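Descriptive structure summary
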Amino acid sequence: MNPDQIKEDWNSRGYSFGVFKDPPGRVWADFVHRTDELVVLAEGELEVEIEGKEQRPQIGEEVFIPANAVHTVRNVGVGNNVWFFGYRNR
């Protein structure tokens, strides 16, 4: 998986691009954004809960989080993880 290719793709679709590196057990709980968000797991394990529905994306799988949806992202693995995120530009 090439982060530069994902960044280029997201930029062409109107999204920003950022990287999180989280230790085991890290939880980003109950966030709400006024814009759509994309998440892609690059390394490790990740659980994404959107409006109470959990999913565990595979490495490289894109997850869409709609604007105004309550969501939580968790590192559910035993090691560090890396994931990409982007917000739709207004």
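That block above? That's the structure.
Residues numbered from 1 in each chain as written. Predicted model: local features only at pLDDT ≥ 70, side-chain atom pairs only at ≥ 80, totals over all residues. Heavy atoms only, no water.

Below, the discussion takes up the sheet that holds strand β3 (residues 37-43). The strand order across the open sheet built from four strands is β1-β8-β3-β6, with neighbouring strands paired in antiparallel fashion. Bordering the open sheet on either side are β1 (18-22) and β6 (62-65), each of which pairs with just one other strand. Adjacent strand axes in the sheet meet at a mean angle of 25°, parallel and antiparallel pairs treated alike. The pairing of β3 with strand β8 (residues 81-87) spans six bridges and is classified as antiparallel. The residue of β8 that forms the bridge with V40 is F84. Sheet strands touched by helix α1 (residues 3-12): β3, β6 and β8. Its angle to β8, the strand with the most contacts, is close to 15°. (Pairing = 2+ DSSP bridges. Helix = DSSP H or I, 4+ residues; strand = E, 2+ residues; numbered from the N terminus. Axes fitted to C-alpha atoms, helices over the stretch in contact; angles between N-to-C directions. Contact = heavy atoms within 4.5 Å.)

The tally for this structure, following the rule as stated, stands at six salt bridges. A salt bridge links R56 to E47, with the shortest nitrogen-to-oxygen separation between them at 3.4 Å. Accessibility expressed as a relative area gives 7% for E47, which makes it buried. When salt bridges that share partners are traced, they join E47, E49, R56 and R74 into one network. (Salt bridge = Lys/Arg side-chain N within 4 Å of Asp/Glu carboxyl O. Buried < 20%, exposed > 50% of the residue type's maximum accessible area, 1.4 Å probe, protein only.)

Within the secondary structure, N81 sits in strand β8. For N81, a relative accessible area of 1% corresponds to the buried category. Polar contacts involving the side chain of N81 include one to the main-chain carbonyl oxygen of E45, which spans 3.0 Å. Excluding residues that lie within four positions of it along the chain, N81 makes contacts with F20, K21, D22, L41, E43, G44, E45, L46 and N75. (Polar contact = N/O pair within 3.5 Å; in protein donor to acceptor, adjacent residues only side chain to side chain.)

Considering the arrangement of structural elements, one finds E47 in strand β4 (residues 47-50). At 3.4 Å, the side chain of E47 forms a polar contact with the side chain of R56. At a separation of 2.7 Å, a polar atom in the side chain of E47 contacts the side chain of R74. The contacts of E47, once residues within four sequence positions are left out, are E54, Q55, R56, T72, V73, R74 and V76.

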